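Inside the fold
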Amino acid sequence: MLECGPEIKDTNDEDVSLFDAEEDAGKRSKKTGIKHPVASFFHLFFRVCAIIAYLLCEFVGGSFIACMVTIILLLSCDFWTVKNITGRLMVGLRWWNQVDDDGRSHWVYESRKGTGKQQMSDSESRIFWLGLIICPILWVIFVFSTLFSLKIKWLPLVIMGVVLQGANLYGYVKCKVGGKTSLKNVATNYFGRQFLKQALPKEEES
């Protein structure tokens with residue numbers, strides 16, 4: 001049985017592209033433009049289709065087995081695409097699990113360094129993070145709606161949506177803030193800064 005080891009972060013400063021041709025094209029484009037339109041499209045395509053399919057199957061009706069298989073396939077394609085392709089191309093982040101020689105499992109969080117980070121598109125970054133955050137929230141809402149409406153047969157499916165899309169969200173947030181940084185500390189620091197920003201203007205006015 002594998003044991004989860006401590007989180008590690010790749011500190012390699014060399015920028016390695018998944019697709020060299022797209023990376024070279026991105027360097028010549030504007031920072032505010034969409035450098036990877038295909039990746040941006042599929043970043044949203046599978047997850048949005050999964051949500052639409054769930055809503056249609058739940059409220060319009062149809063074969064439960066066919067609906068479940070379709071939604072599971074869409075969620076699986078979305079998980080693989082976001083984890084392995086769109087995160088690397090759109091925001092320069094990547095996370096994965098690897099097993100060392102001792103048989104221990106390690107979670108690795110990698111962030112693009114140097115000039116590659118400066119050349120990332122602001123538009124793509126917004127698309128990436130909005131899609132990554134909003135869709136898991138919708139699946140959480142579906143969980144509560146399923147419980148309140150007593151449609152228990154849909155519960156395993158919506159939980160799978162929360163788990164698969166929540167895993168990508170968690171992994172990329174860890175990449176963004178640093179693999180060894182506690183998310184609780186990040187949240188505490190953020191709300192602390194917001195509190196100070198609100199308190200200082202009031203003190204200046206008084």
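Structure shown above.
Parameters at a glance
Residues numbered from 1 in each chain as written. Predicted model: local features only at pLDDT ≥ 70, side-chain atom pairs only at ≥ 80, totals over all residues. Heavy atoms only, no water. Phe/Tyr/Trp six-rings, centres within 6.5 Å; stacked < 30°, edge-to-face > 60°. Helix = DSSP H or I, 4+ residues; strand = E, 2+ residues; numbered from the N terminus. Disulfide = S-S within 2.5 Å. Salt bridge = Lys/Arg side-chain N within 4 Å of Asp/Glu carboxyl O. Buried < 20%, exposed > 50% of the residue type's maximum accessible area, 1.4 Å probe, protein only. Core = buried A, V, L, I, M, F, W, Y, C linked by side-chain atoms within 4.5 Å. Contact = heavy atoms within 4.5 Å. Pairing = 2+ DSSP bridges. Axes fitted to C-alpha atoms, helices over the stretch in contact; angles between N-to-C directions. Parallel < 35°, antiparallel > 145°, perpendicular 65-115°, else oblique. Nonpolar A, V, L, I, M, F, W, Y, C, P; charged D, E, K, R; others polar.

1. Some thoughts on the packing of aromatic side chains
- Counted according to the given criterion, the structure contains 15 aromatic pairs.
- Judged by centre distance (5.2 Å) and plane angle (25°), the ring pair of F41 and F45 falls under stacked. Pair noted here: F41 and F45 are both in helix 2 (residues 37-59), with a separation of 4 residues, about one helical turn.
- Ring geometry for F42 against F45: centres 5.9 Å apart, planes inclined by 80°, an arrangement best described as edge-to-face.

2. Here's the deal with the state of the cysteines
- Scanning all chains against the criterion turns up 1 disulfide.
- Across the disulfide, C57 is cross-linked to C67 (sulfur-sulfur distance 2.3 Å). Of note, the bridge from C57 to C67 carries an S-S torsion of about -90° and is left-handed in sense. Placement of the pair is C57 in helix 2 and C67 in helix 3 (residues 64-90), with a sequence separation of 10 residues.

3. Some words on the pattern of salt bridges
- Applying the stated criterion across every chain yields a total of 3 salt bridges.
- Linking R47 and D78 is a salt bridge whose minimum nitrogen-to-oxygen distance equals 2.9 Å. Here R47, found in helix 2, pairs with D78, found in helix 3; they are 31 residues apart in sequence, far enough to count as distant.
- Assessed through its relative accessible area of 0%, R47 is described here as buried.
- Its salt-bridge partner being R94, residue E110 comes within 2.7 Å of it at the nearest N-O pair. Taken as a pair, E110 in strand 3 (residues 105-111) and R94 in strand 2 (residues 93-99) lie far apart in primary sequence, 16 residues in all.
- Taking relative accessible area as the criterion, E110 reaches 7% and is therefore assigned buried.
- Among the charged side chains, a network of salt bridges with common partners joins R88, R94 and E110.

4. Digging into the nonpolar core
- Of all hydrophobic cores here, the largest spans 18 residues; its most connected members are Y54, I71, W139, F142, W154 and V158.
- Secondary-structure elements contributing two or more residues to this core are helix 2, helix 3, helix 5 (122-148) and helix 6 (155-177).
- Setting aside residues no more than four positions away along its own chain, W154 makes contact with Y54, C57, E58, F64, C67, I71 and T146.

5. Overview of the pairing of strand 3
- Burial analysis of strand 3 places 6 of its 7 residues in the buried class, the great majority of the element.
- Alignment of strand 2 against strand 3, held across 7 bridges, turns out to be antiparallel. Looking at strand 3, one finds that W95 is bridged to Y109.
- Hairpin remark: strand 2 followed by strand 3, antiparallel, with 5 residues in the connecting loop; positive phi at G103, about 85°.

6. Focus on the packing of helix 3 against helix 6
- Put simply, helix 3 and helix 6 touch, their axes get as near as 10 Å, and they point 0° apart. Considering the angle they form, helix 3 stands roughly parallel to helix 6. Across from M68, I71, I72, L75, S76, D78, F79, V82, K83, N84, G87 and R88 in helix 3, the residues of helix 6 making contact are L157, M160, G161, L164, Q165, A167, N168 and Y172.
- Partitioned by chemical class, the residues of the contact of helix 3 with helix 6 number 11 nonpolar, 6 polar and 3 charged.

Worth remembering: the numbers are spatial, not functional.
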